[in-house]
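Breakdown of the fold
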Amino acid sequence: MIDSIGHVFLGAGRLCHIFSAALRFYIRPKLWPAKVAVPPEVRLRLFLEDLGGAWMKIGQALALRFDLLPNEYCTELLKLLNQTPTVPYEAIREVILRELGSPPEQLFASFDPVPHATASIAQVHIATTRDGEKLAVKVQRPRVQEQFEADFRIFHMISYLVGLMDALGGSALRSFSEEFERWSREELDFTTEAKNTFRVQVRSKHDPIQACAEVRFEFCTRRVLATKLLAGVSLLEVGNAARTKDPEALRRLNLRPEDLKTIARNYFWSIYNQIFRDGIFHADPHPANVFVLRGHRIGFVDFGATGRLSKEFRSSLSKIFIHLYRRNIEQAVVENFKLLVPSEDTDLRQAREEFFVAYQMYRLALDIGGADIRRLTTELLMGTMTIARRHKILMPQELSIYYKTIMTVDAVVSELAPEYDWLSDLPEFFTRGLVSDLREGIHRWPEIVLAAKHRTGRMLTDAASLTASFQFFNPALKSMQTRAVLYGIWAVAFCVAAYLAAKGDMSLLNDIVGLSSRWIVFSFMGAAIVSLLLMQRQIRGIRKVKT
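It should be emphasised that the depicted structure is a prediction, and the values quoted were computed from it without experimental measurement.

1. Some remarks on the pairing of strand S6 (residues 224-228)
Counting buried positions over the five residues of S6 gives four, a clear majority of the element. Two elements, strand S4 (residues 134-140) and S6, share five bridges in a ladder whose sense is antiparallel. By the bridge assignment for S6, Ala-136 is matched with Thr-227.

So this is what it looks like as structure tokens:
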């Protein structure tokens, strides 16, 4: 009862705050214009900054949507990524004391009271452990949980009111608010972020182009997160310097203009490695969450929002890219429908035609010299979502997360290096992925053989012990028996490999390099036949010894 009353008062207070901010930044300037007019984009940034909480998160999401807002608005909203108001150190110290049980001066050898970075949910301080390791300690802002809860209820109310006037618009807004709430709740729980960071860090440990901050779990709770400090330059600073087109601004960051394309390519490949190789990826890779490390490696922080894709899902997505690149539009549409869930009211024929036209127009537009790849890609993704909504086709949550991530990556790459054609990199990317998978499979064969040899050795040892007790065991047979069993195991293994290659989906390899999978099947079958012949030869030798 007390909690319900508290939520009511908190929601009412939040509404009053929103009305007060609207009065100060929009209504009053209209009624009583100031001598010095504040540009509308600055007013929007100040309005969102004043509200904080979920409103600032929305502003940060819009900062990279150059396809939705004019450049001056996006440039101004980018300030929300690293110029949010700071929280006094005493409040941060109180959060650490409550969460970890001791103040920072007792937990660490040193703790910088001046924040290293600030964001809508938390701010980061640099600390040094007793063993001399530098950490980035992320501490949640006081009362941010309650603020977000009030904002969620307001969003629900707004979507309900819009739904009364416009059913379609209300449904879309409700879907957006529910998705936004789910994402925000994940980001508010730093234990989830710690687990996500650890998963990606393990997968990228030996990656030559990307790195992930290592988590120090002993300093992690729901509101505090500590990771090893990544020494590098924020991609936000690099993007700001690139936008000025001033070589001196880049030199101050120890970069050259020609480095921007390398950084953009490594950033693109890193995210696509996470998506298609690892199946878990950073779902909010905006520039404030990315650092450029030594050797132009890409370092990722803040894994509050992550996406996960199954192997089948990744396979269909990669085939869509390859089919579009090879102009196999019909096959791209077929793969796209494997990811969607039509309803009873869906006109499949009409929907397929519209997807075909969208893909065809995209492919034709890319062939035009000087095509704006970022704009075309964004239009394609938004167009496919519109077609799905119009035909009442359900788009899985994983796909919407993937689309959001791709649009962010596309916007960042286009701002860093507009001349970088990431689409032409896709065949090389997927080819390398297949080669890496095959290499990994080859590297695992010795493990399989050694395990089989070990099991076979134990079986033969047991058999020898048993027969020796009855005086039937002939030591001369042991060597040939061992080889015969091993050849038999190899024959079975090769037959299984041939079956899997024949039944498995090898079309992606064929799509990329035009290579048929038949030779793989025939090679495995040939190896199985050779193994069987060698086993037969050993069996004949065993018979001769027995006679």
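2. Side note on the packing of helix H15 (residues 348-366) against helix H16 (residues 373-390)
Their axes nearest at 10 Å, the elements H15 and H16 cross at an angle of 175°. Viewed along their axes, H15 and H16 adopt a mutual orientation that is roughly antiparallel. Where H15 approaches H16, its residues Ala-351, Glu-354, Phe-355, Ala-358, Tyr-359, Tyr-362, Ala-365 and Leu-366 are matched on the opposing element by Ile-373, Leu-376, Thr-377, Leu-380, Thr-384, Ile-387, Ala-388 and Arg-390. By residue class, the composition of the contact of H15 with H16 is twelve nonpolar, two polar and two charged.

3. So, the pairing of S4
The buried count for S4 comes to six of seven residues, which makes it a mostly enclosed element. Here strand S3 (residues 122-128) pairs with S4 via seven bridges, running antiparallel. By the bridge assignment, Val-124 is partnered in S4 with Lys-138. The turn joining S3 and S4, which pair antiparallel and follow one another in sequence, is formed by five residues; a positive phi near 90° is taken by Gly-132.

4. Topic: the sheet that holds strand S5 (residues 210-212)
The strand order S5-S10-S9-S7 describes an open sheet built from four strands, whose pairing is mixed. Where the open sheet ends on each side, the last strands, each with one partner, are S5 and strand S7 (233-234). Where S5 meets strand S10 (residues 298-300), three bridges bridge the pair, whose relative direction is parallel. Across the sheet, the residue bridging to Cys-212 is Phe-300, located in S10. Relative to S10, helix H12 (residues 259-278) is tilted by about 50°, and along the sheet it contacts S5, strand S9 (290-292) and S10.

5. Remarks on the packing of aromatic side chains
Taken as a whole and judged by the stated rule, the model has 13 aromatic pairs. A centroid spacing of 6.1 Å and a plane angle of 40° characterise the contact between Tyr-89 and Phe-111, whose relative ring orientation is tilted. One end of the pair, Tyr-89, is in helix H5 (residues 89-100); the other, Phe-111, is in strand S1 (residues 110-111), and 22 residues separate them in sequence. On the basis of relative accessibility, which here comes to 22%, the residue Tyr-89 falls in the partly exposed class. Consider the rings of Tyr-272 and Phe-276, whose centres lie 5.6 Å apart with planes at 35°: the pair is tilted. Of this pair, Tyr-272 and Phe-276 are both found in helix H12, four residues apart, which corresponds to roughly one turn of the helix. No difference in accessibility class separates Tyr-272 from Phe-276, as the two residues are buried. Members of the aromatic cluster, connected to one another through ring pairs, are Phe-268, Tyr-272, Phe-276, Phe-321, Tyr-402, Tyr-403 and Tyr-420. The ring centre of Phe-337 lies 4.4 Å from the NZ or CZ of Arg-352, which sits over that ring.

6. So, unusual backbone geometry
Phi at Lys-245 is positive, roughly 55°, even though this residue is not glycine. Inspection of the secondary structure puts Lys-245 in the loop between helix H10 (235-244) and helix H11 (247-251). Notably, His-296 is not glycine yet its phi reads approximately 65°, a positive angle. Within the secondary structure, His-296 sits in the loop between S9 and S10.

7. Notes on empty space enclosed by the protein
For the structure shown, the criterion picks out two cavities of 30 Å³ or more. Computed from the structure, the largest cavity encloses a volume of approximately 210 Å³. Around the largest cavity sit 18 residues that line it, and Ile-320, Phe-321, Leu-324, Leu-380 and Leu-381 are the ones nearest its centre. Elements that contribute at least two residues to the lining of the largest cavity include exactly helix H13 (311-325), H15, H16 and helix H17 (397-416). Of the residues that constitute the lining of the largest cavity, the class distribution is 15 nonpolar, three polar and no charged.

8. Points about the packing of H12 against H17
Interhelical geometry of H12 versus H17 gives an angle of 170° and a closest axis separation of 9 Å. Regarding the angle of H12 to H17, the classification is roughly antiparallel. In this structure, H12 contributes Leu-260, Ile-263, Ala-264, Tyr-267, Phe-268, Ile-271, Tyr-272, Ile-275 and Phe-276 to the contact, and H17 contributes Tyr-402, Thr-405, Ile-406, Thr-408, Val-409, Val-412, Val-413 and Leu-416. Class assignment of the residues belonging to the contact of H12 with H17 gives a composition of 15 nonpolar, two polar and no charged.

9. Looking at the confidence of the model for the chain
Mean pLDDT over the chain works out to 78, with 79% of the residues at or above the 70 mark. Confidence over residues 1-9 falls short of pLDDT 50; this stretch has one contact with residues more than four positions distant or in other chains.

10. Some points on the side chain of Asn-196
Here Asn-196 shows up in helix H9 (residues 190-203). Reaching out from Asn-196, the side chain makes a polar contact with the backbone oxygen of Phe-303 at a distance of 3.3 Å. Of the polar contacts made by the side chain of Asn-196, one reaches the side chain of Arg-308; its length is 2.8 Å. Sequence-distant contacts of Asn-196, that is, excluding residues within four places in its chain, are made with Phe-303, Gly-304, Thr-306 and Arg-308.

How each quantity is defined
Each chain has its residues counted from 1, following the order in which its sequence is written. The predicted nature of this model means local features are confined to residues of pLDDT at least 70 and side-chain atom pairs, given and counted, to a pLDDT of 80 or more, with totals for whole chains, interfaces and linings taken over all residues. Only hydrogens and water are set aside; all other atoms, that is, all heavy atoms of the structure, feed into the side-chain values. Remark: exposure states derive from per-residue accessible area (1.4 Å probe, protein chains only) relative to the maximum for the residue type, with buried under 20%, exposed over 50%, and partly exposed in between. A run of H or I in DSSP counts as a helix once it spans at least four residues, and a run of E counts as a strand once it spans at least two, with each numbered from the N terminus. For two strands to count as paired, DSSP must find a minimum of two bridges between them. Simply put, an axis is a line fit to the C-alpha atoms, just over the touching stretch for a helix, and the angle between two N-to-C directions goes from 0 to 180 degrees. Roughly parallel here means an angle under 35 degrees, roughly antiparallel means over 145, roughly perpendicular means 65 to 115, and every remaining angle is called oblique. Contacts are assigned to residue pairs that have any heavy atoms within 4.5 Å of one another. Think of it as three bins: nonpolar holds Ala, Val, Leu, Ile, Met, Phe, Trp, Tyr, Cys and Pro, charged holds Asp, Glu, Lys and Arg, and polar takes everything else, Gly as well. Note on aromatic pairs: the rings of Phe, Tyr and Trp (six-membered ring only in Trp) are paired at centre separations within 6.5 Å, and the planes decide the class, stacked below 30 degrees, edge-to-face beyond 60, tilted for the rest. Comment: the charge-over-ring label is applied if NZ (Lys) or CZ (Arg) is within 6 Å of the ring centre and within 35 degrees of the ring normal. Any residue with an atom within 4 Å of a point lines the site, the site being either a cavity, points on a 1 Å grid over the protein atoms alone where a 1.4 Å probe fits but cannot get out, or a pocket, an open set with protein on both sides within 12 Å along at least 5 of 7 lines. Grid points are joined across faces, edges and corners, and a volume is the space filled by probe spheres set on the points. The predictor's confidence in any single residue is recorded as pLDDT, a number from 0 to 100. Polar contacts here mean pairs of N or O atoms no more than 3.5 Å apart (in protein, one a potential hydrogen donor and the other a potential acceptor; neighbouring residues in sequence count only if both atoms are side-chain atoms).

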